[in-house]
Amino acid sequence: MRSDEVATIAPMTTSLAATNGPDRRAAPSRAAVPSTASVWLAASALGLLALVVWDASGLDLPRARWFGGASGFAHRSDWLVNKVLHDGARNASWGLTALLALMVWRPLGVLRRLSRGERIGLLLGVVASVLAMSLIKRASLADGGGGNCFPAGHASAGFAYLAGWFWLRRVSPRAAAWWLGAALVLGFGLGAVQQVRGAHYMSHTLWTAWLCWTIGGAVWWLAAGRRTRCSTNGVP
């Protein structure tokens, strides 16, 4: 074969190889999703810092004066606030906890995507948060009141459900986000009820939110975190 023919064929061969060969362009990489453990630790640290700032600000008393003062709180004996938003909401929260216990064996909705052991872990996280608030409350000293008022036990009836986020995030991040939002709205709503009644300061509600988040995450980490945070399937 003549040299000029070789020179003509060589570029054609290279062109065909480039056209027909495998596409070696790098596939677009998906943004890394932070692990559940890292979100838990980061949120706990930032939340604690925010609490220290709030306590140092001295805003508890000015905010409490929105609803009453030394002469009393106008809504302390209000039927709607006491019977519905306090007693009724507390009973509803215990009813929801009982429903979660039942769904350990008869799950509904997104809870069917959790194993029975994970559903038990979720329930334990909720119960542990409530029990911890009760124990801390019994040991607390007076904080502008008669004592045994810290943290906000009523708000924990909502914040305790923050524990569900840790278990649901792996199987359904969307459902976990809705669950988290609902628990926060419920917790802050119940905390506001007690502030209107003059039973708690805002700091009590904030500390309760932080404690329930921290305890719920600790229960998750102890029960399942070591196994799931290293998983390569779904969100760890």
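Data block above holds the structure.
Parameters at a glance
Residues numbered from 1 in each chain as written. Predicted model: local features only at pLDDT ≥ 70, side-chain atom pairs only at ≥ 80, totals over all residues. Heavy atoms only, no water. Helix = DSSP H or I, 4+ residues; strand = E, 2+ residues; numbered from the N terminus. Buried < 20%, exposed > 50% of the residue type's maximum accessible area, 1.4 Å probe, protein only. Lys, Arg positive; Asp, Glu negative; His and termini not counted. Salt bridge = Lys/Arg side-chain N within 4 Å of Asp/Glu carboxyl O. Polar contact = N/O pair within 3.5 Å; in protein donor to acceptor, adjacent residues only side chain to side chain. Contact = heavy atoms within 4.5 Å. Expected span 1.5 Å × (residues − 1). Patch = residues over 30% accessible without salt bridge, like charges linked within 9 Å, V, L, I, M, F, W, Y side chains within 5 Å. Areas by Shrake-Rupley, 256 points an atom, 1.4 Å probe, with all protein chains shown as cover. Core = buried A, V, L, I, M, F, W, Y, C linked by side-chain atoms within 4.5 Å. Phe/Tyr/Trp six-rings, centres within 6.5 Å; stacked < 30°, edge-to-face > 60°.

**Q** How should the side chain of Arg119 be read in this particular structure?
**A** Its location among the elements puts Arg119 in helix α5 (residues 116-139). The charged side chain of Arg119 is buried without a salt bridge, its nearest counter-charge being Glu118 at 7.0 Å. In terms of polar contacts, Arg119 uses its side chain to reach the backbone carbonyl oxygen of Met103, at 3.1 Å. Ignoring sequence-local partners within four residues, the contact set of Arg119 consists of Met103, Val104, Pro107, Leu111 and Leu114.

**Q** Just checking my understanding: could you explain helix α8 (residues 173-196) for this structure?
**A** For an α-helix the count is 3.6 residues per turn, leaving residues at separations of three or four pointing the same way. Between its terminal C-alpha atoms α8 stretches 34 Å, which fits the 34 Å expected from 24 residues at 1.5 Å a residue. Of the residues making up α8, those classed as buried are Ala176, Ala183, Gly187, Leu190, Gly191, Val193, Gln194, Gln195 and Val196.

**Q** Looking at this structure, how should I read a nonpolar patch on the surface?
**A** There is a patch of nonpolar side chains on the surface, built from Leu96, Leu99 and Leu102 and spanning about 250 Å² of accessible area. With respect to the helices, strands and loops of the structure, Leu96 is situated in helix α4 (residues 79-102). Judged by its relative accessible area of 35%, Leu96 falls in the partly exposed class.

**Q** Before we go on, may I ask you to explain the nonpolar core in this structure?
**A** Considering soluble globular proteins, one finds that nonpolar side chains tend to be buried as a cluster. Leu100, Leu111, Leu114, Leu122, Val126, Phe166 and Trp167 are the most contacted members of the largest nonpolar core, which totals 35 residues. Every element with two or more residues in this core is listed here: α2 (36-57), α5, α6 (153-159), α7 (163-168), α8 and α9 (202-228). It is α9 that contributes the most residues to this core, 8 residues altogether.

**Q** What's the story with α5 in this structure? I'm lost.
**A** In this model α5 runs 35 Å from its N-terminal to its C-terminal C-alpha over 24 residues, within 8% of the 34 Å that 1.5 Å per residue would give. Inspection of α5 places Glu118, Arg119, Gly121, Leu122, Leu123, Gly125, Val126, Ser129, Ala132 and Met133 among the buried residues, and these make up the whole buried set.

**Q** Quick question: what am I supposed to make of the packing of aromatic side chains here?
**A** Geometrically, a pair of aromatic rings is defined through the distance of the ring centres and the angle of the planes. The tally for this structure, following the rule as stated, stands at 6 aromatic pairs. Ring centres of Phe159 and Phe188 lie 5.0 Å apart, and the angle between their planes is 85°; this geometry places the pair in the edge-to-face category. Of this pair, Phe159 sits in helix α6 while Phe188 sits in helix α8, placing them 29 residues apart in sequence. For Phe188, a relative accessible area of 34% puts it in the partly exposed group. Look at Trp165 and Phe166: their rings are 5.1 Å apart centre to centre, the planes differ by 80°, and that puts the pair in the edge-to-face class. Aromatic ring contacts, followed pair by pair, group Trp165, Phe166, Trp213 and Trp220 into a single cluster.

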